Amino acid sequence: MTEITRLFDFPYHQLKHHNLDAALVTKKDGKWIETSTQEYIDKANAMSRALLKLGIQKNDKIAVISTTNRTEWNIMDIGILQLGAQNIPIYPTISAEDYEYVLNHSESIYCFVSDKEVYDKVKKVQANTKVKEVYSFEDIKGCKPYSELFELGKDKSNQPEVEARKDDVLPDDLATIIYTSGTTGRPKGVMLSHKNITSNALDASHRLPISGKGTRILSFLPICHIFERVLIYIYQYAGTTIYFAECIDKIGDNAKEIKPNLMSVVPRLLEKVYDKIMHKGEELSGIKKGLFYWAVRLGEQWQPYGANGAWYEFKLKIANKLIFSKWREALGGELSTMVSGSAPLQPRLSRVFCAAGMQVMQGYGLTETSPVVSVEMYKDHHFRVGTVGKPIKNVEVKIAEDGEILIKGPNVMKGYYKDPEKTDSVMTGDFFHTGDKGEVDSDGFLKITGRKKEMFKTSGGKYVIPPLLENDMKQSLFIEQIMVVGESEKMPAAIIQPNFDFIREWAKQKGKKIGDSNADIANSEIVIARIQKEIDKYNKHFGKWEQIKRFELTDDVWSIEGGHLTPTMKMKRDIIKGIYQDLYDKIYRE
């Protein structure tokens, strides 16, 4: 094979050019279980043979719902795709009602689940769907094990039919429907072809500093999201070993065990890692504490390509040896690159982690663009703090008159499933309207300036861009989440979830009595005054009409389960406003 044009070509390319003993690695019962490239392909073919025996036809839909990334997901992916059927990945954290909607809308006829929690949700709604059978990766009472299909596919007599089905799959054929988590309303089914995703993976692969065999990847962002999924194809193409983290809470432990060279992150995770590091810094005393904060301040001034001069680089070497080396050690000691996507990253975090020897390459994209539009790369001067790099090969970025980012390229989706009107509303010729606002500087770097729908006007006619304020304010260790409000109101204000853990620690160290429960903290005059101080500090970065004039604190934690956040950790603004309508009214109506 000379060319990759369909998603299932990736493992075969790996077999021909890299042939790894450990292509995919998942932890089971405390042990890392390696799957070689050959075994990966053999199991995918066995799965295809079994699915044929179940009567799977071209364009049938099969749902896969997994709480964690794992080897089985990838075997299913290839096993489904090479038959010309479609893999319908579903976010595990959405409600049973949303499962029902996606299963019905996609017309999925089989469903594969990872564990009991997911299985229970599917069973609740299965009778209302066309799903004939549910199979599970783990042993669950009453559920058919997915391993049963390997027995069914053991007989190789129908392998010629698998090969014929593979030959029949064309690059423009539909590969998957990804239901966007959506910050409002029902999820939309984004139709992506083999060409959409393969072209994007191949065109983006040049931006990642991975050298193939011997490179270790830690994967934990949801593979049902196109960002991580495309990275998985890129890693396979490059011949790296992919380790799947046990869960998000065990990333640190898993990183120490496998010593990854690269992993993908979302800004929220980096914020949490940074907050943890700063907590530890607070606990230090004397000269150690002084050195810690000196290193952090130095990191915050970091510029790429030695732009700060020799004296700065000399001090940075000392900071790296004394302080930053310990940060790297906490993530295995060999992590040189993190690819960040899904939301804007605070420039300060970009600088600090880069200074600490863990370069953060920020990218930009959407599910509808398969997803990569642009991404930073340190070599060839493709890196600039505060931007999302330059557009990748074959992708054209145009800025509309109103500042909206428009995208054209082979990565732009086929459309929204069963919704031609919605598809037409986001397309102008070959250009996709992203809904994001941005600008391209004279060197070709793309900068995201906000979300078209998120920008609002106050009653005084002044425009406010909430993400710019929110990103700045979230630099405060006292603020865990913040949502700027004020559309058609006299002034901008904010609803804030305090960083409860940090505030408890801070109060203890300062000897302040604020109570222990979240409600005590949210209602404490001491805490409110301290957060006001933080707001005042960051308000100085903005024009008077943009500044936060009032705020209210919530006493609960914003979460995916609570409905505040999408599975990719974006705020559901309308829902958050609804949940805290009383606080909103307190700001504007009292």
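None of these values were measured; they are calculated from a predicted model.

1. Considerations on unusual backbone geometry
Here is step 1 of the chain: The linkage connecting S370 with the following residue, P371, adopts the cis geometry, with an omega of -10 degrees.
Here is step 2 of the chain: Along the chain, P371 turns up in the loop between β14 (359-365) and β15 (372-375).
Here is step 3 of the chain: In this structure, N19 is a non-glycine residue whose phi angle is positive, near 40 degrees.
Here is step 4 of the chain: In this fold, N19 is placed in the loop between α1 (9-17) and β1 (24-28).
Here is step 5 of the chain: Its identity as a non-glycine residue notwithstanding, E107 has a phi of 60 degrees, on the positive side.
Here is step 6 of the chain: Here E107 is to be found in the loop between α4 (96-106) and β5 (108-113).
Here is step 7 of the chain: A relative accessible area of 34% places E107 in the partly exposed class.

2. So, the state of the cysteines
Here is step 1 of the chain: For the coordinates displayed, the defined rule picks out zero disulfides.
Here is step 2 of the chain: Looking at the unpaired C143, the closest cysteine sulfur is the one in C111, lying at 8.8 Å.

3. Topic: the sheet that holds strand β25 (residues 479-485)
Here is step 1 of the chain: If you trace the three strands from one edge of the open sheet to the other, you get β25-β26-β27, paired in mixed fashion. Two strands bound the open sheet, and with one partner strand each, they are β25 and β27 (550-553). In this sheet, neighbouring strand axes are inclined to one another by 25 degrees on average, regardless of whether the strands run parallel or antiparallel.
Here is step 2 of the chain: Bridge count between β25 and strand β26 (residues 493-498): six bridges; the pairing is antiparallel. If you follow M483 over to β26, its bridge partner there is I495.
Here is step 3 of the chain: Where helix α21 (residues 581-589) meets the sheet, its contacts fall on β25, β26 and β27, and the angle it forms with β27 comes to roughly 155 degrees.

4. A few points about the pairing of β14
Here is step 1 of the chain: By the criterion of burial, β14 is predominantly enclosed, with five of the seven residues buried.
Here is step 2 of the chain: Where strand β13 (residues 337-340) and β14 come together, four bridges link them in parallel fashion. Paired with V339 across the two strands is M361, which belongs to β14.
Here is step 3 of the chain: What joins β13 to β14 is helix α14 (residues 347-355), and the crossover it makes is right-handed.
Here is step 4 of the chain: Here β14 pairs with β15 via three bridges, running antiparallel. The residue bridging G365 from the neighbouring strand is V372, located in β15.

5. Some points on helix α16 (residues 466-473)
Here is step 1 of the chain: Most of α16 sits inside the fold, with seven of its eight residues counted as buried.
Here is step 2 of the chain: Of all the residues in α16, the buried ones are P466, P467, L469, E470, N471, D472 and M473.
Here is step 3 of the chain: Where α16 is buried, its residues touch β23 (456-457), β24 (463-464), β25, α19 (525-539) and α20 (573-579).

6. Considerations on the nonpolar core
Generally speaking, nonpolar side chains in soluble globular proteins are found buried as a group.
Here is step 1 of the chain: Core analysis: the largest hydrophobic core is formed by 149 residues, its most contacted members being F112 and W327.
Here is step 2 of the chain: It is helix α9 (residues 226-238) that contributes the most residues to this core, nine residues altogether.
Here is step 3 of the chain: Those residues in contact with F112, other than ones at most four positions away along the chain, are L51, I62, A63, V64, I65, M76, Y135, F137, Y146 and L149.

What counts as what
- Residue numbers here run from 1 along each chain, matching the order of that chain's written sequence.
- Whole-chain, interface and lining totals are the exception, using all residues; otherwise, since this is a predicted model, local features are given only for residues with pLDDT of at least 70 and side-chain atom pairs are given and counted only at 80 or more.
- The basis for every side-chain value is the complete set of heavy atoms in the structure, and neither hydrogens nor water enter the calculation.
- Here a strand is any run of E in DSSP of at least two residues, a helix any run of H or I of at least four, and the numbering for each starts at the N terminus.
- Exposure is judged per residue with a 1.4 Å probe applied to protein chains only, and the accessible area is read against the type maximum: over 50% gives exposed, under 20% gives buried, and values in between give partly exposed.
- Disulfide assignment relies on a single distance test, namely cysteine sulfur atoms paired within 2.5 Å.
- Following DSSP output, two strands are said to pair if at least two bridges run between them.
- Each axis is a line fitted through C-alpha atoms, taken for helices only over the stretch in contact, and angles between the N-to-C directions span 0 to 180 degrees.
- Note on contacts: a residue pair is in contact if any heavy atoms of the two residues lie within 4.5 Å.
- Looking down the strands as they point away from you, a crossover is right-handed if its path from the first strand over the helix to the second goes clockwise.
- Among buried residues, the Ala, Val, Leu, Ile, Met, Phe, Trp, Tyr and Cys ones that are joined through side-chain atoms within 4.5 Å form a nonpolar core.

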